[in-house]
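This is what each chain is made of:
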Amino acid sequence: MGVRKYMLNYLSIKNFKGWKDTGNIELAPITVFFGSNSSGKSSIGQFLVMLKQTVQQPDRKTVLMLSGDKASVNLGTPVDIFYNHDMSKGIQFDYEWTLDKKAEYNIGTSKRRYNKVRFQADIQVNNPEVQYLEVNQLSYDLFEDDKHYLTVGMKKSEDGIGNRNYELFSEIGELKRTKGRPWKLTEPMKYYGFSDAALAYYQDSDFLQDLNLHQENLFSKFYYLGPLRSKSSRIYSWAGTNPDSVGDDGMYTIQAILSAKHEGRKLGFPPQMHYKPFEAVIGTALKKMGLIENYIIKRIENRQDYEVKVKIKGSSEYVSLPDVGFGVSQVLPVIVQLFYAPNGSVIFIEQPEIHLHPRAQTLLADVIIDAVNMRENSQKRKIQVIIETHSEYLLRRLQMRISDKTMETNDMRAYFAHNQENGSVLEKLKVDTYGNILNWPEGFFGDMEKDMYEQALNAMKRRIEERDAG
């Protein structure tokens, strides 16, 4: 798969929901989270969704958007998101990502280029009675490849009489204040942003606005698809709009296909990179998984409405989408989102395998690999996929693709979440170059091998008993 750009390199979270400390979670082109129910594996992806919906909401003073009519995930009130509901300790997190192209900052005579950004934040409750969230500190580290150049941020301070202020700090020395502007700095914008006052208060501070924009650009290409996807319909309306994604529940899946077709999007299939129209790519993926033979989307005459017809294997007739297995309508949003997302996207999908039989779960892994390896406009798609799943079949296929060199070991990261007395624990699975997992956690997927072994022993024992009795 090679080197990817505009990708989350790692994520670390402390004191969030069931996580006292996730540790550093290394992320790859394909990252897979497993674990038992209520082990906290979904919370990691939902944390990123929370950051996205915070970036998108218009209120600049809302530090973290936890719920609301337009929220993709509803996390309740502040007390609900703190580990053990203990609001005396802050939620701390940091993550690093690679920019799509190099940027530049200037402070005085110092001029540097950077292509990697690390962000850290400490969010605390100011008043437990009203559960008011505020930023205790935020900071950015700028790198050119692995060379660190600059740390800059904002932190809360007190003036000795209980008044809380904010100050700007930088490792390269104190930034010069703009003359004639003695006002106090206001709080940061949301959880990540330098305030307008900070931008005006200091000289050479234009690059701080760039850091705000880097965050917003990152999450503008972060997409979420939840486990409860909308049911298929017999009629779909489309008036020429271009949906940003298939939606959190997949409700815009057909509209996304029509939009991509209207735009003439084509994707190159590996390994030959033979380019196909977008709608044909979706059909090929569904056929590869053994779910359908073909599908068509027909416009109803003189209307802005469309019908989706599907032909299943062994049949010569097309039927409406609701008349085929439920698994098709549930996995279709997954497939469309994987190929519809623009270059530079991060896609988080919960339980993509839901309602699929084991063979289709296995082949879904190949579709995910195709989505990451696809080319568009003669360039590699910079796609990163994060999956929360229960599917052993999906993992087994990813292992096999490492063994046959379709993927490299570093193209995948797999984690297992489980509960302990001090909260959820995340265990990184060690995968060798042959696809073997060297540290299978106990009870990872139940005791399938043990059951098969004991079933064989019992069968042998019974045959001996029946022979002796006869």
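Each remark here, short or long, concerns the structure printed above.
Nothing here was measured: the structure is a model prediction, and the numbers come from that model. (Residues numbered from 1 in each chain as written. Predicted model: local features only at pLDDT ≥ 70, side-chain atom pairs only at ≥ 80, totals over all residues. Heavy atoms only, no water.)

**Some thoughts on the overall build of the chain**
Then, number 1: Scanning the chain from N- to C-terminus turns up ten helices and 22 strands.
Then, number 2: A compact globule built from 470 residues would reach a C-alpha radius of gyration of about 23 Å, and the chain, at 25 Å, matches this within 12%.
Then, number 3: With the C-alpha coordinates of the chain rotated into their principal frame, the extents come out at 95 × 70 × 45 Å.
Then, number 4: Residue burial in the chain is summarised as follows: out of 470 residues, 52% are buried.
Then, number 5: Pairs at least 24 apart in sequence give 61% of the contacts found in the chain among residues at least 6 apart.
Then, number 6: Positive and negative side-chain charges in the chain, numbering 61 and 60 respectively, have mean positions lying 5 Å apart. (Helix = DSSP H or I, 4+ residues; strand = E, 2+ residues; numbered from the N terminus. Rg over C-alpha atoms; globule rule 2.2 N^0.38 Å. Buried < 20%, exposed > 50% of the residue type's maximum accessible area, 1.4 Å probe, protein only. Contact = heavy atoms within 4.5 Å. Lys, Arg positive; Asp, Glu negative; His and termini not counted. Charge placed at Lys NZ, Arg CZ, Asp CG, Glu CD.)

**Concerning the nonpolar core**
Then, number 1: By size, the foremost hydrophobic cluster in this structure holds 70 residues, and its most contacted members are Leu64, Phe93, Tyr95, Phe119, Tyr140, Tyr191 and Phe194.
Then, number 2: Setting aside chain neighbours within four positions, we find phenylalanine 194 in contact with Leu138, Tyr140, Val152, Gly153, Met154, Leu168, Leu199, Leu208, Leu211 and Asn212.
Then, number 3: Formed by 67 residues, the second largest nonpolar core is a distinct cluster that contains Leu286, Val334, Leu363 and Val372. (Core = buried A, V, L, I, M, F, W, Y, C linked by side-chain atoms within 4.5 Å.)

**Comments concerning helix α4 (residues 206-220)**
Then, number 1: Under the 1.5 Å per step criterion, the end-to-end length of α4 is 22 Å for 15 residues, consistent within 8% with the ideal 21 Å.
Then, number 2: Three or more residues of α4 are buried, namely Phe207, Leu208, Leu211, Asn212, His214, Gln215, Leu218 and Phe219. Projected down its long axis, α4 carries its buried residues within an arc of 165°, all on one side. (Expected span 1.5 Å × (residues − 1). Arc of directions from axis to C-beta.)

**What to know about the side chain of glutamine 330**
Then, number 1: By the secondary structure assignment, glutamine 330 is in helix α7 (residues 326-340).
Then, number 2: The contacts of glutamine 330, once residues within four sequence positions are left out, are Pro227, Arg229, Ser230, Ile354 and His355.

**Observations regarding the pairing of strand β15 (residues 305-311)**
Then, number 1: Burial analysis of β15 places five of its seven residues in the buried class, which makes it a mostly covered element.
Then, number 2: Two strands pair when backbone bridges link them, and strand β14 (residues 294-299) and β15 are joined in this way by six bridges, in the antiparallel orientation. Pairing of isoleucine 296 across the sheet is with lysine 309, part of β15.
Then, number 3: Taking the residues that link successive antiparallel strands as the turn, the β14-β15 hairpin has five residues, and the phi of asparagine 302 there is positive, at about 65°.
Then, number 4: Sheet analysis places β15 next to strand β16 (residues 319-320), joined by two bridges and oriented antiparallel. In the strand pairing of β16, lysine 309 is matched with serine 320. (Pairing = 2+ DSSP bridges.)

**Remarks on unusual backbone geometry**
Then, number 1: You will see that glutamine 131, though not glycine, has its phi angle at about 55°, which is positive.
Then, number 2: The residue glutamine 131 is located in the loop between β6 (110-127) and β7 (132-144) in this model.
Then, number 3: Residue classification places glutamine 131 among the partly exposed positions, given a relative accessible area of 23%.
Then, number 4: Phi is positive for asparagine 302, which is not a glycine, with a value near 65°.
Then, number 5: By the secondary structure assignment, asparagine 302 is in the loop between β14 and β15.

**A look at the environment of leucine 64**
Then, number 1: Here leucine 64 shows up in the loop between α1 (41-56) and α2 (78-81).
Then, number 2: For leucine 64, a relative accessible area of 6% puts it in the buried group.
Then, number 3: For the pair leucine 64 and histidine 148, spaced 84 residues apart in the sequence, the C-alpha separation amounts to 29 Å.

**A look at the side chain of lysine 41**
Then, number 1: Relative to the helices and strands, lysine 41 is located in helix α1.
Then, number 2: When its relative accessible area of 5% is taken as the criterion, lysine 41 is described as buried.
Then, number 3: Beyond its immediate stretch of four places on either side in the chain, lysine 41 contacts Trp19, Phe33, Phe34, Gly35, Ser36, Glu388, Thr389, His390 and Ala417.

**Topic: the packing of aromatic side chains**
Then, number 1: As enumerated under the stated definition, the model contains 19 aromatic pairs in all.
Then, number 2: With 5.5 Å between their ring centres and 20° between their planes, phenylalanine 33 and tyrosine 415 make a pair best called stacked. Residue phenylalanine 33 is found in strand β4 (residues 30-35), and its partner tyrosine 415 is found in strand β21 (residues 412-420); the two are separated by 382 residues along the sequence. The pair phenylalanine 33 / tyrosine 415 is uniform in exposure class, with both members buried.
Then, number 3: Among the aromatic residues, ring-to-ring pairing joins Phe16, Phe47, Phe93, Tyr95, Trp97, Phe119, Tyr140, Tyr191, Tyr192, Phe194, Phe219 and Phe222 into one connected group.
Then, number 4: Sitting above the plane of the tyrosine 223 ring, lysine 52 keeps its charged end 5.6 Å from the centroid.
Then, number 5: The aromatic ring of phenylalanine 169 is capped on one face by lysine 155, whose charged end is 5.5 Å from the ring centroid. (Phe/Tyr/Trp six-rings, centres within 6.5 Å; stacked < 30°, edge-to-face > 60°. Lys NZ or Arg CZ within 6 Å of the ring centre and 35° of its normal.)

**Describing helix α6 (residues 278-288)**
Then, number 1: Inspection of α6 places Phe278, Val281, Ile282, Gly283, Ala285 and Leu286 among the buried residues, and these make up the whole buried set.
Then, number 2: Where α6 is buried, its residues contact α5 (253-263), β12 (266-269), β13 (274-277), β14, α7 and α8 (358-373).
Then, number 3: Looking one or two places after α6, you find glycine 290, whose phi comes out positive at around 75°.

**Notes on the pattern of salt bridges**
Then, number 1: Within this structure, the stated rule accounts for 22 salt bridges.
Then, number 2: Lysine 382 serves as the salt-bridge partner of aspartate 100, at 2.8 Å between the closest nitrogen and oxygen. On the criterion of sequence distance, the pair formed by aspartate 100 in strand β5 (residues 91-107) and lysine 382 in the loop between β19 (379-380) and β20 (384-388) is long-range, its members being 282 residues apart.
Then, number 3: Shared partners join several salt bridges into a network, and the residues in it are Glu96, Lys116, Arg118 and Asp146. (Salt bridge = Lys/Arg side-chain N within 4 Å of Asp/Glu carboxyl O.)

**Looking at the sheet that holds β20**
Then, number 1: A sheet is described by the order of its strands in space; here six strands give the open sequence β10-β17-β20-β4-β21-β22, paired in mixed fashion. The open sheet has two free edges, formed respectively by β10 (222-225) and β22 (423-428), since each of these has just one partner strand. Taken pair by pair, the neighbouring strands of this sheet meet at an average axis angle of 20°, ignoring direction.
Then, number 2: By the bridge criterion, six bridges tie β21 to β22 in an arrangement that is antiparallel. The residue of β22 that forms the bridge with glutamine 420 is glycine 423. (Axes fitted to C-alpha atoms, helices over the stretch in contact; angles between N-to-C directions.)

All quantities given are derived from atomic positions and should not be read as evidence of function.
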